[in-house]
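Listed below, chain by chain, are the residues.
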Amino acid sequence: MDKMLITGGTPLYGEIVASGSKNASLPMMAASLLTSEPVMLHRVPKLQDVNTMCDLLKHLGVTVSDLKSGNLQFQASSLKTDTAPYDLVRKMRASFLVLGPLVTRFGHAKVSLPGGCAIGTRPVDQHLKALSQLGAEITVDEGYVVATASNGLTGSNICMDVVTVTGTQNTLLAAVLARGSTRIENAACEPEVVSLATMLNDMGARIRGAGTRTIEIEGVDKLGGISTQVPTDRIEVGTYLVAAFATQGKIVIKDAPSGELQTVIEKLEEAGASIDVSGDAIQIDGTKRRPQSINVETEVYPGVPTDLQAQFMVLNTISAGESRITENIFENRFMHVQELVRLGAKVRLNGPSEAIIEGVDKLRSAPVMATDLRASSSLVIAGLIAEGQTTINRIYHLDRGYEDLDQKLTSLGATLSRVS
Ligand code: UD1
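Draft legend 1. Region of the structure containing the packing of aromatic side chains. Counted by the stated rule, this structure contains zero aromatic pairs. Sitting above the plane of the tyrosine 144 ring, lysine 110 keeps its charged end 5.0 Å from the centroid.

Spelled out as structure tokens, the structure:
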């Protein structure tokens with residue numbers, strides 16, 4: 001298993017270009033199951049999670065052509081099976097997004113219950129509730145969800161009990177070809193829901209209200225092919241902004257979706273960073289200034305994303321003053337705390353969803369262990385600011401979600417390498 005060695009203490013300087021979004025591309029790839037015509041996606045990031053989704057789609061019978069440079073073409077003219085096996089689904093929770101399209105295409109699907117990052121129990125009850133309201137009969141058998149809708153799915157009024165991003169996406173994927181109209185109340189408003197809905201509409205679906213709490217879908221008979229671009233990754237951009245400020249550096253990120261990062265930008269400014277947005281470029285300047293501690297609470301969009309919680313925590317560990325981080329989305333997302341403490345951070349947990357951080361002058365290097373994707377990126381930021389050489393074990397998590405991370409950081413002046 002690879003480890004990453006990072007020698008900290010160098011401020012990040014320079015310019016990078018944001019990559020395509022992992023969380024947007026995965027549902028867009030799953031949408032290719034809904035048409036027999038070609039679906040061409042541009043700016044798909046080179047990531048392990050994308051490879052996993054490609055493997056799953058190929059297993060189902062989709063022809064996947066890698067046209068290089070982030071251009072992938074999918075064609076689901078004839079599917080081979082309606083079963084998504086454990087070995088593929090356990091690697092990534094987003095694999096569960098094939099459930100909706102498979103029931104739609106076959107009237108029957110068998111999809112393993114998902115794995116993914118170890119951040120809480122992460123049930124899929126809302127996905128299943130929505131599908132059953134669309135007329136599917138659902139059973140769970142030996143770790144597999146079996147969904148049957150022999151006469152097809154029928155539109156319905158669905159009210160989600162919790163706001164769920166992939167739950168909303170799975171419901172959209174199932175409802176676009178259902179008979180009649182569907183209304184999703186308490187839908188997720190995240191940009192990755194909007195990009196999926198936009199893509200589906202461009203394929204011929206009739207969806208209104210994506211990006212708001214209520215989404216209305218008028219079922220259509222058929223969807224066509226499409227050629228479209230994956231939006232840029234707001235979480236990747238947020239991660240680099242925090243990394244630049246934490247190292248007291250100055251960077252420009254091009255192709256950055258600043259509108260989607262408004263709350264994040266405001267938080268960084270509250271901590272003392274100078275941020276300048278110009279067109280699609282964001283510049284952050286944190287040179288020669290120690291950040292001020294800030295309280296951060298994760299919220300559904302447009303609040304601070306849970307996927308940036310660990311990164312903000314690292315920033316607070318070396319900021320002036322005391323701060324609180326409250327995690328409102330997942331119940332077990334503080335696994336990075338113990339690792340940060342090993343680097344000299346002063347963090348204590350106050351119950352399952354609150355961490356209290358007392359800023360210290362410096363972090364000091366130590367061997368640490370990556371536990372999930374975003375926790376890993378927080379450890380990388382910690383390594384970039386810690387004195388000495390930090391070793392991060394189980395770095396494979398990073399390759400699930402950050403395209404060209406090593407190259408991008410190296411181009412910004414970081415000193416890092418990988419060893420087996
Ligand atoms: C997606 C993102 C992930 C991000 C998360 C929250 C992808 C591939 N992943 O994950 O990076 O951290 O949104 O923004 O897009 N829940 C239920 N029942 C369900 C579904 C969810 O109780 O059926 C709960 C979860 O346990 C969690 C909360 O709802 O507490 C939000 O989870 P959800 O939005 O579904 O996260 P994901 O879609 O898995």
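Draft legend 2. The arrangement of unusual backbone geometry in detail. Here the bond from tyrosine 301 into proline 302 is cis, since omega is 15 degrees, no more than 30 degrees from zero. In this structure, proline 302 sits in the loop between strand S18 (296–297) and helix H10 (309–317). Residues other than glycine seldom take positive phi values, yet aspartate 255 does so here, at roughly 60 degrees. Inspection of the secondary structure assignment puts aspartate 255 in the loop between strand S15 (250–254) and helix H9 (262–270). For lysine 288, which is not glycine, the phi dihedral falls at a positive 55 degrees. Tracing the chain through its elements places lysine 288 in the loop between strand S17 (281–285) and S18. Residue classification places lysine 288 among the exposed residues on the basis of a relative accessible area of 79%.

Draft legend 3. Structural view of the sheet that holds strand S7 (residues 108–112). Taken in spatial order, the four strands of this open sheet run S6-S7-S9-S8, and their pairing is mixed. The open sheet is flanked by strand S6 (83–84) and strand S8 (137–141), the only strands paired with a single partner. Across five bridges, the pairing between S7 and strand S9 (residues 144–148) is antiparallel. Its bridge partner lying in S9, alanine 109 is registered against alanine 147. Strands S7 and S9 of the sheet are contacted by helix H4 (residues 99–106), whose axis makes an angle of about 155 degrees with S7.

Draft legend 4. Region of interest: the pairing of strand S1 (residues 3–7). In this sheet, strand S24 (residues 415–419) lies alongside S1 in antiparallel orientation, the contact comprising five bridges. Pairing of lysine 3 across the sheet is with valine 419, part of S24. The pairing of S1 with strand S23 (residues 389–393) spans four bridges and is classified as antiparallel. Across the sheet, leucine 5 pairs through a bridge with threonine 391, a residue of S23.

Draft legend 5. Just the packing of helix H8 (residues 234–246) against H10, in detail. Interaxial distance between H8 and H10 falls to 10 Å at its minimum, and their mutual angle equals 5 degrees. Comparing their axes, H10 and H8 come out roughly parallel. Residues Thr239, Val242, Phe245 and Ala246 of H8 touch H10, and the partners they reach there are Gln311, Phe312 and Leu315. Residue classes in the contact of H8 with H10 are distributed as five nonpolar, two polar and no charged.

Draft legend 6. Focus on the packing of helix H1 (residues 22–31) against helix H7 (residues 191–202). The interhelical angle for the contact between H1 and H7, taken along N-to-C directions, is 30 degrees, at an axis separation of 9 Å. By the angle between their directions, the pair H1 and H7 is classed as roughly parallel. Read as a crossing pair, H1 and H7 show a hand that is right-handed. Contact with H1, carried on its side by Asn23, Ala24, Pro27, Met28 and Ala31, involves Glu192, Ser195, Leu196, Met199 and Leu200 of H7 and no other residues of that element. Class assignment for the residues of the contact of H1 with H7 results in seven nonpolar, two polar and one charged.

Parameters and conventions
- Residues numbered from 1 in each chain as written.
- Predicted model: local features only at pLDDT ≥ 70, side-chain atom pairs only at ≥ 80, totals over all residues.
- Heavy atoms only, no water.
- Phe/Tyr/Trp six-rings, centres within 6.5 Å; stacked < 30°, edge-to-face > 60°.
- Lys NZ or Arg CZ within 6 Å of the ring centre and 35° of its normal.
- Helix = DSSP H or I, 4+ residues; strand = E, 2+ residues; numbered from the N terminus.
- Buried < 20%, exposed > 50% of the residue type's maximum accessible area, 1.4 Å probe, protein only.
- Pairing = 2+ DSSP bridges.
- Contact = heavy atoms within 4.5 Å.
- Axes fitted to C-alpha atoms, helices over the stretch in contact; angles between N-to-C directions.
- Parallel < 35°, antiparallel > 145°, perpendicular 65-115°, else oblique.
- Nonpolar A, V, L, I, M, F, W, Y, C, P; charged D, E, K, R; others polar.
- Left-handed = near helix turned anticlockwise from the far one by under 90°.

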